[in-house]
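# Topology and contacts: notes
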Protein chains: 2
Amino acid sequence: MNHEIRLASRPTGFPEATNFNLVETPIPEIGEGEVLVRNVYMSVDPSMRGRMNDVRSYVPPFQLGRPLEGRAVGQVERSRHADFAVGDYVAGSQGWRGYDAAEGSRLTRIDATTAPLSAHLGVLGGTGFTAYVGLLDIGRPKPGETVFVSGAAGGVGTVVGQIAKLMGCYVAGSAGSDAKVAFLREELGFDAAFNYRTVDLGRALREACPRGVDVYFDNVGGAHLQAALAQMNTFGRISLCGAISQYNDATPPPGPSNLVNAIIRRLTMTGFIIVDHADRRPDFLRDMSAWLRDGRVKNHQTVVQGIENAPAAFMGMLRGENMGKMLVQLSPEG
Amino acid sequence: MNHEIRLASRPTGFPEATNFNLVETPIPEIGEGEVLVRNVYMSVDPSMRGRMNDVRSYVPPFQLGRPLEGRAVGQVERSRHADFAVGDYVAGSQGWRGYDAAEGSRLTRIDATTAPLSAHLGVLGGTGFTAYVGLLDIGRPKPGETVFVSGAAGGVGTVVGQIAKLMGCYVAGSAGSDAKVAFLREELGFDAAFNYRTVDLGRALREACPRGVDVYFDNVGGAHLQAALAQMNTFGRISLCGAISQYNDATPPPGPSNLVNAIIRRLTMTGFIIVDHADRRPDFLRDMSAWLRDGRVKNHQTVVQGIENAPAAFMGMLRGENMGKMLVQLSPEG
């Protein structure tokens, strides 16, 4: 049998278990041009929270009573598409279900010999690509500059920090637990890190970045953005990637009261979404594959087992329970 | 005799007459390399309000008991600098006084035959240069796009609107009186304009810009920035030039609660200060001189007479009493 997670109701505020429905369905038949994929890993992403609201955005909202969607990697079990053979590993948007009858044209074949399968949802997937473009193209750090990343222990944050170190930057990060702070300092080589839940954010950032901040990679919004604006250097760049601190607010909180610093210090703040940057994908794959091979970037992840735990994994990610990329494993790799 | 305006005390909140001191002084002697300038016009600028606070910024604060400074144009009465002869017209930072013993090296000679003298503080001065760089380099409008400018009837706003029309854009503006709105529509050829004091700002902007906003030139900050963020099109640009709505607030108000739109719509928000863009000055002077000559851009100004009225002119500018550039005339032109 197959299992899928459907959107039972739209969350108001922080999601609850009752917003999700685990449904048993038959393993689907495939039509011409389709591929039966057994999902192995699926991604839970902050941006999924926005799609649970019934609002127009850059992607359509999830539909009530329909399975959720998200990136997943899996193995081909049957194929009616010439490009895919049984046993191939593939990536696509067929998450939140055990099996999917996926259109072959919407799948990408994965070389599972060069990197762990799950890395294709992490450093080699949209997560790593987001970090790459958001840091290098939007933030444009120069060697010796200071990069500050919030949500630094998360999927995107861990990759941002590692690339920034590679670029010869001084790297500081914030995270939500002392264990994460230790992980950032000791595993990822951050020059400075702090637990934003236990400090005065403004003072901690000043101490972590004594020469100011040249590039702020914002995963968080809210108080972090305010603190960063206070610490930015002249001609600094702010890469607006996410605002996870406020995705669950029924009413959006006020913005930073020091936005005028953007004028006084001549800052550039740029929002971006990775789908606009497909032209950079070949560069990303070339660079990131090399960095992975050399061990200069590592893939960090937290894996929750079983589709029945996918809603809990998603909610846990929103609460910051993951170190590195949060994934759900749906079936064995082999 | 000479007169100068000194900073008597630092304003808290909106400036008052008592913050300024009109002082009679002797006409200064000039030393080697100096020039005695009789000021004809001086500029009162929003940015002067920030310099009245005792805070570190990109320019040092005004000093208590010392004359204020600002751009002025005047005529050389005596000269001990080889580049300047009696009768020459010059521009410099010697404002807020009738006569100044100015270092010749800090003055620029003006050709008073091609444009009115006062235009060198308006469309041909820092005001026009700010509009030129902020619109063309920061906003990067394309023909057919929608440009919205707040404070549209002010010194910078009137030039932004005229250049945007030249570029083939649809141009909308906000201003603080019905007379200004009529001026924008009838004199400057704005496609849409509204009086922000008498409307619902969000709705008025939606109606003024039915195809959304591609470039927002922000002179105002606050509620205007929030309204613009709600109306921006994907890949829109926000040129952060000023935030006059909050320069007199003792405590800065919260920022826009919809800053997350910068991510969803992939916006770029860039603060700028004209002194960083000296490399564009030759282009600006070439283009603006041509536009003035062709009558495609006009110099609009409000002139207050007499140095004793300079503080009132400055405060009036902060209240929006000017149409076009606010100037003070200190002596006859000829």
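Just so it is clear, the structure is predicted and the values come from calculations on it, not from any experiment.

## Considering the interface of chain B and chain A
Opposite the 30 residues of chain B that make contact, chain A presents 31 residues. For the pair chain B and chain A, the summed buried area comes to about 2300 Å², and 64% of that belongs to carbon and sulfur atoms. Remark: the boundary between chain B and chain A carries 2 salt bridges. A salt bridge links Arg266(A) to Asp276(B); the shortest N-O distance between them is 2.6 Å. Where chain B packs against chain A, one counts 8 residue pairs in polar contact (both at pLDDT 80 or more). Broken down by secondary-structure element, the contributors of at least two residues to the side of chain B that touches chain A are strand E12 (232–240), helix H7 (261–264) and strand E13 (268–271) of chain B. Here the side of chain B that touches chain A takes 4 residues from E13(B), the largest share from any one element. In terms of residue class, the side of chain B that touches chain A is made up of 20 nonpolar, 8 polar and 2 charged. Sheet analysis places strand E13 (residues 268–271) of chain A next to E13(B), joined by 3 bridges and oriented antiparallel.

## Remarks on the nonpolar core
In this structure, Ile238(A), Met269(A), Ile238(B) and Met269(B) are the most contacted members of the largest nonpolar core, which totals 49 residues. Not counting residues up to four positions away in its chain, the partners in contact with Met269(B) are Leu259(A), Leu267(A), Thr268(A), Met269(A), Leu225(B), Ile238(B), Leu240(B), Leu259(B) and Ala262(B).

## Some thoughts on the packing of helix H2 (residues 126–139) of chain B against helix H3 (residues 155–166) of chain B
Residues and elements named next belong to chain B. Relative orientation of the contacting elements H2 and H3 amounts to 50°, with a least axis distance of 8 Å. Overall, the two elements H2 and H3 adopt an arrangement that is oblique. The hand of the H2/H3 crossing is right-handed. Contacts between H2 and H3 involve Thr127, Gly128, Thr130, Ala131, Tyr132, Leu135 and Leu136 from the former and Gly155, Val156, Val159, Val160, Ile163 and Ala164 from the latter.

## Let's talk about the relation of the copies chain B and chain A
Laying chain B over chain A is done by rotating through 180° and shifting 0.0 Å along the axis; what remains is an RMSD of 0.0 Å. Accordingly, the operation relating the two chain copies is best matched by a two-fold axis. Considering only C-alpha atoms, the part of chain B nearest the rotation axis is Gly255(B), at 2.0 Å. Of the interface residues in chain B, 100% have counterparts in chain A that sit at the interface too, so the contact is made through matching surfaces.

## Comments concerning the side chain of His120(A)
All names here are of chain A. Looking at the element boundaries, His120 is found in the loop between strand E7 (108–110) and helix H2 (126–139). Given a relative accessible area of 16%, His120 falls into the buried group. Residues in contact with His120, not counting those within four places in the same chain, are Val73, Ile110, Asp111, Ala115 and Gly125.

## Focus: the confidence of the model for chain A
In this model, chain A carries a mean pLDDT of 96, and residues with pLDDT of at least 70 account for 100%. As a predicted assembly, this complex carries a pTM of 0.95 together with an ipTM value of 0.93.

## Some words on the pairing of E13(B)
Residues and elements named next belong to chain B. Neither face of E13 is open: one carries Thr268 and Thr270, the other Met269 and Gly271, and all of them are buried. With 4 bridges connecting them, E12 and E13 associate as parallel partners. The residue of E13 that forms the bridge with Ser239 is Thr270.

## Comments concerning the pattern of salt bridges
Residues and elements named next belong to chain B. What the rule picks out here adds up to 34 salt bridges over all chains. Here Glu69 and Arg51 are joined by a salt bridge, their closest N and O atoms 3.8 Å apart. Of this pair, Glu69 sits in the loop between helix H1 (47–51) and strand E4 (72–79) while Arg51 sits in helix H1, placing them 18 residues apart in sequence. On the accessibility criterion, Glu69 (35% relative accessible area) is partly exposed. Across the salt bridge formed by Arg237 and Glu145, the nearest N and O atoms sit 2.6 Å from each other.

## A look at the packing of aromatic side chains
The description of an aromatic ring pair uses the distance of the two centres, along with the angle that the planes make with each other. Scanning the model with the defined rule gives 18 aromatic pairs over all chains in all. Between Phe217(B) and Phe272(B) the ring centres are 6.3 Å apart and the planes differ by 75°, which places this aromatic pair in the edge-to-face class. With Phe217(B) in strand E11 (residues 213–218) and Phe272(B) in the loop between E13 and helix H8 (281–294), this pair connects stretches of sequence that are 55 residues apart. Among the residues examined, Phe272(B) registers a relative accessible area of 3% and is labelled buried. Among the aromatic side chains, those forming a connected cluster through ring pairs are Phe129(A), Tyr132(A), Phe284(A) and Trp291(A). Its guanidinium or amino end placed over the ring of Tyr170(B), Arg211(B) lies 5.6 Å from that ring's centre, counting from NZ or CZ.

Definitions and limits used
- Residues numbered from 1 in each chain as written.
- Chains lettered and ligands numbered in written order.
- Predicted model: local features only at pLDDT ≥ 70, side-chain atom pairs only at ≥ 80, totals over all residues.
- Heavy atoms only, no water.
- Contact = heavy atoms within 4.5 Å.
- Buried area = accessible area lost by both parts, 1.4 Å probe.
- Salt bridge = Lys/Arg side-chain N within 4 Å of Asp/Glu carboxyl O.
- Polar contact = N/O pair within 3.5 Å; in protein donor to acceptor, adjacent residues only side chain to side chain.
- Helix = DSSP H or I, 4+ residues; strand = E, 2+ residues; numbered from the N terminus.
- Nonpolar A, V, L, I, M, F, W, Y, C, P; charged D, E, K, R; others polar.
- Pairing = 2+ DSSP bridges.
- Core = buried A, V, L, I, M, F, W, Y, C linked by side-chain atoms within 4.5 Å.
- Buried < 20%, exposed > 50% of the residue type's maximum accessible area, 1.4 Å probe, protein only.
- Axes fitted to C-alpha atoms, helices over the stretch in contact; angles between N-to-C directions.
- Parallel < 35°, antiparallel > 145°, perpendicular 65-115°, else oblique.
- Left-handed = near helix turned anticlockwise from the far one by under 90°.
- Least-squares fit on C-alpha atoms with pLDDT ≥ 70 in both.
- pLDDT = per-residue confidence, 0-100.
- Phe/Tyr/Trp six-rings, centres within 6.5 Å; stacked < 30°, edge-to-face > 60°.
- Lys NZ or Arg CZ within 6 Å of the ring centre and 35° of its normal.

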